[in-house]
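So you can see what is in the structure, the chains are spelled out below.
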Amino acid sequence: MTARLILVDDHPVVLAGLQALVLGLPDLELVGTATCASEALALVRGQCPEIVVLDMGLPGMSGLMLAERILEGAPDTRIVMLTHYEEPSYVQKALRIGICGYVLKASASEKVVQAIRTVLSGGVYIDSDLEDFRSEWIRKLCPASGPSPAAANGTLTYRETQVLRLAAVGHSNKEIARRVGLGIKSVETYRYRACKKLMLHSRLDIIRYGANHGWILDV
């Protein structure tokens, strides 16, 4: 099954490069390109893509604002952000909005493909060149031991919080089971209970909850 994809960038050379990158991939179907926010919003409404690859530095409306608009109308859309900004504050803003992929424009093109496939599988991708942020983010999401703030306040049990944290960082139920030493059915049960208690209805809700409750780097 192919995933429907839209590319958004105001630089023709960059846009052409992205098109060349994805057109040869059998699991992706390019359904449109846009050079500004209004074109992108119209394409998303008309084409209902699974994923949007989006430049942060668009004219008239920032990529972050555009991502918010897209997710307001189509919350299940996965967004990969392309940017020159390496500052942790920009990464955190992107994650809080619900953007699932953050790739530096200076990186190799293979990282764009990797980011697309990671977020399509339900994960979160942060450029490996942002290693300090990635390491701190994962450390806060996945502490070695001890109750988290969410578990301590009585809302979630320790296991529910542990599973939800790993889900927020993009791990599948199978990967979570291996990491915490539980069966997949147990992981599914803890994840279901946590989401039910917190009224989280989608992957995006889980990411936003983690971002808003101190599970990622504070900057």
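Refer to the structure presented above.
Below: a short report on this structure. Note that this is a predicted model, so its numbers are computed, not measured.

Counting its secondary structure elements, the chain contains 11 helices and 6 strands. Out of the 219 residues belonging to the chain, those deemed buried represent 48%. The long-range share in the chain, meaning contacts at least 24 apart out of those at least 6 apart in sequence, stands at 63%. Entry remark: accessible area of the chain is about 10500 Å², with carbon and sulfur atoms responsible for 54%.

Turning to helix 5 (residues 109-120), a few remarks are in order. Between its first and last C-alpha, helix 5 extends 17 Å over 12 residues, near the 16 Å set by a 1.5 Å rise per residue. Looking at the buried side of helix 5, the elements it contacts are helix 1 (12-23), strand 2 (28-34), strand 3 (51-55), strand 4 (78-83), strand 5 (101-104) and strand 6 (125-126). Positive backbone phi, at 100°, marks G122, one or two positions downstream of helix 5.

In this section: the nonpolar core. Counting 53 residues, the largest nonpolar core has V8, V52, L54, L66, I79, I99 and Y102 as its most contacted members. With residues near it in sequence (within four places) discarded, V8 still touches L15, A34, C36, A40, V52, V53, L54, D55, L58 and L66. Formed by 16 residues, the second largest nonpolar core is a distinct cluster that contains L156, V163, A168 and L198.

As a further point, take the pairing of strand 5. Residues of strand 5 alternate between two faces, with G101 and V103 on one and Y102 and L104 on the opposite face, all of them buried. Bridging between strand 4 and strand 5 involves 4 bridges; their strand directions are parallel. Within the sheet, the bridge partner assigned to M81 lies in strand 5 and is Y102. Viewed along the sheet, the connection from strand 4 through helix 4 (residues 88-97) into strand 5 turns out right-handed. Two strands pair when backbone bridges link them, and strand 5 and strand 6 are joined in this way by 2 bridges, in the parallel orientation.

In this structure, E188 sits in helix 10 (residues 184-198). Its relative accessible area of 34% is what places E188 among the partly exposed residues. Put simply, E188 and V163 are 25 residues apart on the chain and 8.8 Å apart in space, counted from C-alpha to C-alpha.

About the cut-offs
Residues numbered from 1 in each chain as written. Predicted model: local features only at pLDDT ≥ 70, side-chain atom pairs only at ≥ 80, totals over all residues. Heavy atoms only, no water. Helix = DSSP H or I, 4+ residues; strand = E, 2+ residues; numbered from the N terminus. Buried < 20%, exposed > 50% of the residue type's maximum accessible area, 1.4 Å probe, protein only. Contact = heavy atoms within 4.5 Å. Areas by Shrake-Rupley, 256 points an atom, 1.4 Å probe, with all protein chains shown as cover. Expected span 1.5 Å × (residues − 1). Core = buried A, V, L, I, M, F, W, Y, C linked by side-chain atoms within 4.5 Å. Pairing = 2+ DSSP bridges. Right-handed = clockwise from strand over helix to strand, strands pointing away.

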